[in-house]
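# A structural walkthrough
Below, each chain spelled out in residue letters.
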Amino acid sequence: MKKSNIIMLLAAILPLGLFLFPLWKITLEAPQYPTPLGMYIYINDFADVNPHDIKNINLMNHYVGMKYIPDAIPEFKIFPAGIIITTIIGLIIAFKGNYKWFFYWFILMVVLSSAGLYDFYLWEHDYGHNLDPKAIMKFTNPDGTVMGFQPPLFGSKDILNFKAHSYPRLGAYFLGLGIAMGLVAYLVGKKNDKKTLTM
């Protein structure tokens, strides 16, 4: 097997790490919580960082009219299927495909990952802005508009007396490394093809 095909084989397998490790982590720090509240986002589940964190986040958010974090969302079925399908495609082209197909797989993964990130942003926006008008507590911005409580997509953000942090975790790095290796496989294959033509 050519070097480029071996790299492509690894590229196709690496995103399966999403089934073992969390994709993202959101943490909330506040003076009233000596141990910050946190939530891991897996490709197919939400999970507590510490016991009962999600329950406590839901109880706290209820007062400002935010929705409960659900046990399941449609994406928990779509995303795993997408990763399995793209892994199978990657394996097929690693064994059978021309190096040019490695680039098409790379583009496919970039597009699907970007769509997933955008979907995550939309979920966060709805979660932080679509508030219950009958909420016990209401907060407004200086201009009089209703205050939103959207956590950051990436980085840190002050929300009232909380500091919210949102960063990728090991699963996201497996995905990113797999995508990058798909591009490396294409470049290596292209370089070897040029060498073959000049010989």
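Residues numbered from 1 in each chain as written. Predicted model: local features only at pLDDT ≥ 70, side-chain atom pairs only at ≥ 80, totals over all residues. Heavy atoms only, no water.

On the surface, a cluster of nonpolar side chains totalling about 620 Å² of accessible area is made up of I13, L16, F19, L20, I84, I88 and I92. The dominant element in the nonpolar patch, judged by the number of residues it contributes, is helix α3 (residues 75-96), at 3 residues. Note that F19 resides in the loop between α1 (3-13) and β1 (24-30). Judged by relative accessible area, which is 34%, F19 ranks as partly exposed. (Patch = residues over 30% accessible without salt bridge, like charges linked within 9 Å, V, L, I, M, F, W, Y side chains within 5 Å. Areas by Shrake-Rupley, 256 points an atom, 1.4 Å probe, with all protein chains shown as cover. Salt bridge = Lys/Arg side-chain N within 4 Å of Asp/Glu carboxyl O. Helix = DSSP H or I, 4+ residues; strand = E, 2+ residues; numbered from the N terminus. Buried < 20%, exposed > 50% of the residue type's maximum accessible area, 1.4 Å probe, protein only.)

As a further point, take the UniProt feature "transmembrane region" (unreviewed entry) in the chain. What UniProt calls "transmembrane region" (unreviewed entry) maps, in this numbering, to residues 78-95, 102-123 and 170-189. The straight-line gap between the two end C-alpha atoms of residues 78-95 is 26 Å; of that span, 100% is helix and 0% is strand. Secondary structure within residues 102-123 divides into 100% helix and 0% strand; the distance between the first and last C-alpha atoms comes to 31 Å. (UniProt positions renumbered as here; feature names shortened; annotations may be inferred.)

With that out of the way, let us pick up the packing of aromatic side chains. According to the stated counting rule, one finds 15 aromatic pairs in the structure shown. Taken together through their ring pairs, the aromatic side chains of W24, F46, F76, F120, W123 and Y127 make up a single cluster. (Phe/Tyr/Trp six-rings, centres within 6.5 Å; stacked < 30°, edge-to-face > 60°.)

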